[in-house]
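Structural description and commentary
Chain by chain, the residues:
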Amino acid sequence: MNTDYSSKATNEEIKTRFDQDVERFSNLDTGQLTTLDAPLTLELCTDAAKYCSPQAKELLDIGCGAGNYTLKMLSKIPGLNCTLNDLSQPMLDRAKERVSQQTTGSVTTIQLDMRELDLEAEQYDIVLAAATLHHLRTDEDWKQVFTKVYKALKPGGSFWISDLVTHDAKPLNTLFQQHYGDYLETLGGPGYRQKVFDYIEYEDTPRSVKYQLDLMEKVGFKHVEVLHKNLCFAAFGGVK
């Protein structure tokens, strides 16, 4: 897929936007409104991780934001050692503050582009990635990150994703965009709808669920599964 991404937002621009939005993303009631079924996918991804690795000790949260997914995971498996990764240092600071209050395990932060993570082999029982992979650009980026995650998981460990997705059939993108746009208008009218669509167009390069599950299988995941899908948002993952 030879696509020109030069008109897309840079890492620095994305980082700056999230640096300035810590408070909103620290609150599940206000930080996830534009994400359809956010509370449900939060529950499903963390439940799936718990059922796959009930004795888990090590968690990696990629693009952790203010730490909501790690906090939910800790409510189901207490005492985890938590590794938090994000591009935004203010987000990481807030996540570490919140997570440290909820675990007796260690809390490690890594401020780095997920493509540059240097992860130890077979280190983690659980890897979570919520609303972050859609910032990956090229096919090579996607393959690189999925390969890193697979290698970093212990055998039997699992990788769970909740994210904005696209569709391989273009007419379906049009259909789902219309329905999602109608939802956004209920939150803030036509102006808000356009604002969200504008920053998705500028910042995001999502892939389809099929693309990501196929890639998971290609890099070695033994089982892949869709937990939930609603229009252009989905929760899914794989077990090593």
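A brief report on the enclosed structure follows. (Residues numbered from 1 in each chain as written. Predicted model: local features only at pLDDT ≥ 70, side-chain atom pairs only at ≥ 80, totals over all residues. Heavy atoms only, no water.)

**With respect to the overall build of the chain**
- The helix and strand inventory of the chain stands at nine helices and seven strands.
- At 17 Å, the chain has a C-alpha radius of gyration in line with the 18 Å of a compact globule built from 240 residues.
- A total of 240 residues make up the chain; the buried ones form 51% of that total.
- Contacts spanning at least 24 positions in sequence make up 74% of the contacts within the chain whose residues lie at least 6 apart.
- Roughly 11,300 Å² of accessible area belongs to the chain as shown, and the carbon and sulfur atoms make up 51% of that amount.
- Here the chain contributes 26 positively and 35 negatively charged side chains, and the mean placements of these two sets differ by 3 Å. (Helix = DSSP H or I, 4+ residues; strand = E, 2+ residues; numbered from the N terminus. Rg over C-alpha atoms; globule rule 2.2 N^0.38 Å. Buried < 20%, exposed > 50% of the residue type's maximum accessible area, 1.4 Å probe, protein only. Contact = heavy atoms within 4.5 Å. Areas by Shrake-Rupley, 256 points an atom, 1.4 Å probe, with all protein chains shown as cover. Lys, Arg positive; Asp, Glu negative; His and termini not counted. Charge placed at Lys NZ, Arg CZ, Asp CG, Glu CD.)

**Structural notes on the side chain of His 134**
- As for its position among the elements, His 134 is in the loop between strand 4 (124–130) and helix 7 (139–152).
- What makes His 134 buried here is its relative accessible area of 9%.
- At 2.5 Å, the side chain of His 134 forms a polar contact with the side chain of Asp 163.
- Within the structure, His 134 has its side chain in polar contact with the side chain of Asp 204 (distance 3.5 Å).
- Residues in contact with His 134, not counting those within four places in the same chain, are Trp 142, Asp 163, Leu 164, Asp 204, Thr 205 and Pro 206. (Polar contact = N/O pair within 3.5 Å; in protein donor to acceptor, adjacent residues only side chain to side chain.)

**Brief notes about empty space enclosed by the protein**
- Within the structure shown, the criterion is met by two cavities of 30 Å³ or more.
- Taken as a whole, the second largest cavity spans an internal volume of roughly 40 Å³.
- Every residue lining the second largest cavity is listed: Thr 35, Leu 36, Asp 37, Thr 41, Ser 162, His 228, Asn 230, Phe 233 and Ala 234.
- If you list the elements that add at least two residues to the lining of the second largest cavity, you get strand 6 (223–230) and strand 7 (233–239).
- Looking at side-chain class alone, the lining of the second largest cavity contains three nonpolar, five polar and one charged residues. (1 Å grid on protein atoms, 1.4 Å probe; cavity = no way out; pocket = protein on both sides within 12 Å on 5 of 7 lines; lining within 4 Å. Points joined across faces, edges and corners; volume = space filled by probe spheres on them. Nonpolar A, V, L, I, M, F, W, Y, C, P; charged D, E, K, R; others polar.)

**A look at the layout of surface pockets**
- Reported here for the largest pocket is a volume of approximately 790 Å³.
- Thr 166, Asn 173, Glu 201, Asp 204 and Pro 206 are the residues nearest the centre of the largest pocket, which is lined by 26 residues in total.
- It is helix 8 (residues 170–203) that contributes the most residues to the lining of the largest pocket, eight residues altogether.
- A class-by-class count of the residues in the lining of the largest pocket yields 11 nonpolar, eight polar and seven charged.

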